[in-house]
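Listed below, chain by chain, are the residues.
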Amino acid sequence: MERILVSACLMGRKVRYDGGAKTSADAHLAAWREEGRLVVFCPEVEGGLPTPRPAAEIEGGVGGEAVLSGAARVLTADGGDVTAEFLAGAQAALAFAQSFGVRLAVLKEGSPSCGSLSIYDGTFRGRRTPGHGVTAALFELHGIKVFSEEHIPEAAGYLRTLET
């Protein structure tokens, strides 16, 4: 049985920067939970950041790939550098996923860790730009296909291809 890594906030855990959750009511997630497929993880918390914590964005909105290569940092609105925590969380998430043989992840869109389609642009003005978060980028580099909570039906289709 394929295991699926899912962002902890989507499963109701209060791990987001604001101390809240973004619980998903998606029927696929509910079914996968019942089947015992889900492994739940929050890279930001596992990387050492507290809950709640200051909001963070990737400088220049350049994406997680640039953070992984050392070309960009993850900063808080007051200029605090939390790059090390985001990198540690991404590495922990990858190790956790690999320990379960995960080839598919459903991650929280827009997050500087988990965004798979877009991230905030680094200006803290609520504007998004295309790009990956740090963990999503690392997953993709290691062959783990990432879907946002906005594309769970597509994730279900991908899961079917993995199991045929």
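Predicted model, so just to flag it, every value in this text is computed and none were measured. (Residues numbered from 1 in each chain as written. Predicted model: local features only at pLDDT ≥ 70, side-chain atom pairs only at ≥ 80, totals over all residues. Heavy atoms only, no water.)

Caption draft 1: Geometry of the packing of helix α1 (residues 27-34) against helix α6 (residues 152-162). Relative to each other, α1 and α6 sit at 45 degrees, their axes nearing to 9 Å. One way to sum up the angle between α1 and α6 is to call them oblique. On α6, the residues touching His-28, Leu-29 and Trp-32 of α1 are Ile-152, Pro-153, Ala-155, Ala-156 and Leu-159. Its residues assigned to classes, the contact of α1 with α6 shows 7 nonpolar, 1 polar and no charged. (Axes fitted to C-alpha atoms, helices over the stretch in contact; angles between N-to-C directions. Helix = DSSP H or I, 4+ residues; strand = E, 2+ residues; numbered from the N terminus. Parallel < 35°, antiparallel > 145°, perpendicular 65-115°, else oblique. Contact = heavy atoms within 4.5 Å. Nonpolar A, V, L, I, M, F, W, Y, C, P; charged D, E, K, R; others polar.)

Caption draft 2: View of the nonpolar core. One finds Leu-5, Val-74, Leu-107 and Phe-139 to be the most contacted residues of the largest nonpolar core, which totals 27 residues. At the level of elements, β2 (38-41), β3 (56-58), α3 (64-69), α4 (83-99), β5 (104-107) and α5 (134-141) are the ones that each hand at least two residues to this core. By residue number, the principal contributor to this core is α4, which donates 5 residues. Every residue in contact with Leu-107, bar those within four places of it in the chain, is listed here: Leu-5, Ser-7, Leu-10, Cys-114, Ala-136, Phe-139, Val-146, Phe-147, Ser-148 and Glu-149. If you look at the next biggest cluster of nonpolar residues, it comprises 19 residues, including Val-6, Cys-9, Ala-156 and Leu-162. (Core = buried A, V, L, I, M, F, W, Y, C linked by side-chain atoms within 4.5 Å. Buried < 20%, exposed > 50% of the residue type's maximum accessible area, 1.4 Å probe, protein only.)

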